[in-house]
Amino acid sequence: MKLMDRYIARLYLINVLTLLVLLGGFVVTVDVFVNLSRFANAAGEVEAAGEEDLEGVALAVRTVGVIAGFWGPKLLQLYNYLIGLVLVGAMGFTCAQLVRQREFVALLASGVPLQRISLPFAVVALALTAAQAINQEVLVPKVAPLLARDVSEAGDTTIDSFIVKLVPDDEGRIFQASRFDPDAGVLDGLTVFERDGLGVVTRVVTADSATWEDGAWTLAGGLVSDERAGGTTMPVARLDSSLDPTRLKIRHLRGFGESLGWGQISSIIDAGGMDDKSIDRLDRVRWGRLASMASNLVVLFAALPFFLRKLPGPMILAGLKAAPVGLLGLVAAGAAPSMPIGGLPVYIGVFIPTLVLLPLAVALFAGVKT
């Protein structure tokens, strides 16, 4: 039976990889065709010392490089989104091949129950789910800032600095900067809007750059304009604020929490400085990953019994019967992290679709005629 296990596992793995390549290639191809001109513009804007404006083949080669640099990190994230659907789809194709070649009949004739055939599917699915966990916790967080890029920013490979867009501090000020380097604690092109209790801007602080020193921002070329005094401008050298470099980085990372690892999300939550709604959203993101992985496996085994057939026949009917279970299960698991359930803690609420589907999967699997 070990030979048959290896054969089924290899066939299943090949189908999984084939579907991943086809679906990933389809997504990339559609995006490239829709945004080809924007990718070309991004390639033309890439700085190349000593080079003239790119044309013809040189521009095409640079555009291909920009597309690869843009979609390379996104394919890691796309794997996490597609793997649940791919596991179920590849299982259906694998079973269809085995039924068509009469291999289920041969196994039954040798005394092997159909439930036993699920073992190689389980091994491959667990291995790919483990790869999903490693990808989500190790690989994706390393390129998380790159995942937030727009197509117009495809040529930008810098991940150690970012733009600060209207970030508030605890004193009611609004910070905006053209660039922030979290390692050096430096803001470039800083503008700070100070407001009254009604939200009306009362003062505007500008600076060429600001450096975090001794618990405050030290301003280079700092000016403050008092809007209540007709825009009178005076120099200013220091700005006290609760918005330190750590909080700036945390608020920036919060914008793409789905790309961060469990430890990073936990650090952001523990650091404080966020409202309860944001904390709840990040908490759902990290627990939702575990629920998604569990749901992928449960949905796979809920759909598998429809394809374990004793006799050869058209598999389209099996696919139609399994589709509602598979699709509804995957959709519910994907929606659970964004749909709070009153009275239930996050770490239980996100598992509701899995817990509902689990008895159904057990019943369907136990009811396979063999």
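One structure accompanies this document, and this report is about it. In this text, all values refer to a predicted model and were calculated from it rather than measured experimentally. (Residues numbered from 1 in each chain as written. Predicted model: local features only at pLDDT ≥ 70, side-chain atom pairs only at ≥ 80, totals over all residues. Heavy atoms only, no water.)

Re the nonpolar core
Membership of the largest hydrophobic core comes to 46 residues, with the highest contact counts inside it found for Y12, V16, M91, C95, F104 and F121. In terms of residue count, helix 3 (residues 56-100) provides more of this core than any other element does, 13 residues in total. (Core = buried A, V, L, I, M, F, W, Y, C linked by side-chain atoms within 4.5 Å. Buried < 20%, exposed > 50% of the residue type's maximum accessible area, 1.4 Å probe, protein only. Helix = DSSP H or I, 4+ residues; strand = E, 2+ residues; numbered from the N terminus.)

Details of the pairing of strand 1 (residues 162-168)
Where strand 1 and strand 2 (residues 174-181) come together, 4 bridges link them in antiparallel fashion. Its bridge partner lying in strand 2, V164 is registered against A177. In this structure, the hairpin formed by strand 1 and strand 2 is closed by a connection of 5 residues, where G172 is found at a positive phi of approximately 90 degrees. (Pairing = 2+ DSSP bridges.)

Overview of the packing of aromatic side chains
Under the counting rule described, the total for this entry stands at 7 aromatic pairs. Geometrically, the ring pair formed by F39 and F70 is edge-to-face, given 5.5 Å between the ring centres and 70 degrees between the ring planes. Remark: F70 occurs in helix 3 and F39 occurs in helix 2 (residues 36-45); sequence separation between them is 31 residues. Judged by relative accessible area, which is 4%, F70 ranks as buried. Each ring, one from F70 and one from W71, has its centre 6.2 Å from the other, and the planes form 85 degrees; the classification is edge-to-face. For W71, a relative accessible area of 10% translates into the label buried. Following the ring pairs from residue to residue traces out a cluster consisting of F39, F70 and W71. (Phe/Tyr/Trp six-rings, centres within 6.5 Å; stacked < 30°, edge-to-face > 60°.)

Description of helix 5 (residues 118-142)
Compared with the 36 Å implied by 1.5 Å per residue over 25 residues, the 35 Å span of helix 5 between its first and last C-alpha is a close match. Roughly 40 degrees is the biggest bend found in helix 5, and it falls at N135. (Expected span 1.5 Å × (residues − 1). Bend = angle between axes of the 7 residues up to and from the residue.)

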